[in-house]
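# A structural walkthrough
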Amino acid sequence: MAGKKNNNSKAKGDSKSGGDGEKGKGGDKLKGGQKIEVRHILCSKHSRKEEALAEIQRLTRGDPKEGAPSNEAEPTGKTDPKTKSKAPTHAIFVHVAKQFSEDKASQGGSLGQKTKGSLHPEFEKVAYSLQPTENGIVHIGEAKTDFGYHLIVVDKRL
């Protein structure tokens, strides 16, 4: 689930690149990739996190929900051009976050923009190793923290 970071672009705030990075602590400029837009699904119990993951997988496959009316529209997976297989989408993750997340971010799971060092270390380790959402396709990571079990998606690197 972890992906490679694109190293082809110059880092924001790098004095040689003339970037306009944000100032960090002590007046130092933050380098590119130090800030992300992240969302998550937080569950206090492992079994609940597994249910959320199963729902993401069901929606990705496009399987109908058992006992649900067939006219109820649900998001479905998208074919990943790299792997040629169905992959979960941003819409699926937001849909499942609204159903399963147990924190204030339950309205789509968004935690907003976060700077490196501002998140729980275990959460941050996973978040910064993930590829950001590309063409609507998300890459999901998992972490356990003092808060519970997280399914994590990085919307973009800033």
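Residues numbered from 1 in each chain as written. Predicted model: local features only at pLDDT ≥ 70, side-chain atom pairs only at ≥ 80, totals over all residues. Heavy atoms only, no water.

### Here's the deal with the overall build of the protein chain
Helix and strand content of the protein chain: three helices and six strands. Mapped from its N terminus to its C terminus, the protein chain presents α and β elements in the order β-α-β-β-α-β-α-β-β. A burial count over the protein chain gives 37% of its 158 residues as buried. Expressed as a percentage of contacts within the protein chain between residues at least 6 apart in sequence, the contacts between residues at least 24 apart total 62%. If you sum the accessible surface of the protein chain, you get close to 9,500 Å²; carbon and sulfur atoms cover 48% of it. (Helix = DSSP H or I, 4+ residues; strand = E, 2+ residues; numbered from the N terminus. Buried < 20%, exposed > 50% of the residue type's maximum accessible area, 1.4 Å probe, protein only. Contact = heavy atoms within 4.5 Å. Areas by Shrake-Rupley, 256 points an atom, 1.4 Å probe, with all protein chains shown as cover.)

### Notes on the side chain of Thr 145
Relative to the elements of secondary structure, Thr 145 occurs in strand E5 (residues 141-145). With relative accessibility at 4%, the residue Thr 145 sits in the buried group. Side-chain polar atoms of Thr 145 contact the backbone nitrogen of Phe 147, separated by 3.1 Å. Once residues lying within four places of it in the same chain are set aside, the contact partners of Thr 145 are His 120, Glu 122, Phe 123 and His 150. (Polar contact = N/O pair within 3.5 Å; in protein donor to acceptor, adjacent residues only side chain to side chain.)

### Some remarks on the environment of Pro 88
One can find Pro 88 in the loop between strand E3 (86-87) and helix H2 (90-100). Taking the C-alpha atoms as reference points, Pro 88 and Ile 137, 49 residues apart in sequence, are found 5.9 Å from one another. Setting aside anything within four residues of it in sequence, one finds Pro 88 in contact with Ile 56, Thr 60, Gly 136, Ile 137, Val 138 and Ile 140.

### Some points on the sheet that holds strand E6 (residues 148-157)
Strand pairing in a sheet relies on backbone hydrogen bonds, with the paired strands running either antiparallel or parallel. Strand order in the open sheet made by the four strands is E4-E1-E6-E5, with antiparallel pairing throughout. Every other strand in the sheet has two partners, leaving strand E4 (110-115) and E5 as the edge strands with one partner each. With strand direction ignored, the average angle separating the axes of adjacent strands in the sheet is 40°. Bridge count for E5 against E6 is five bridges, and the pairing is antiparallel. Pairing of Gly 141 across the sheet is with Ile 152, part of E6. Along the sheet, helix H1 (residues 46-61) makes contact with strand E1 (35-43), E5 and E6, crossing E6 at roughly 45°. Packed onto the sheet, H2 meets E1 and E6 and runs at close to 45° relative to E1. (Pairing = 2+ DSSP bridges. Axes fitted to C-alpha atoms, helices over the stretch in contact; angles between N-to-C directions.)

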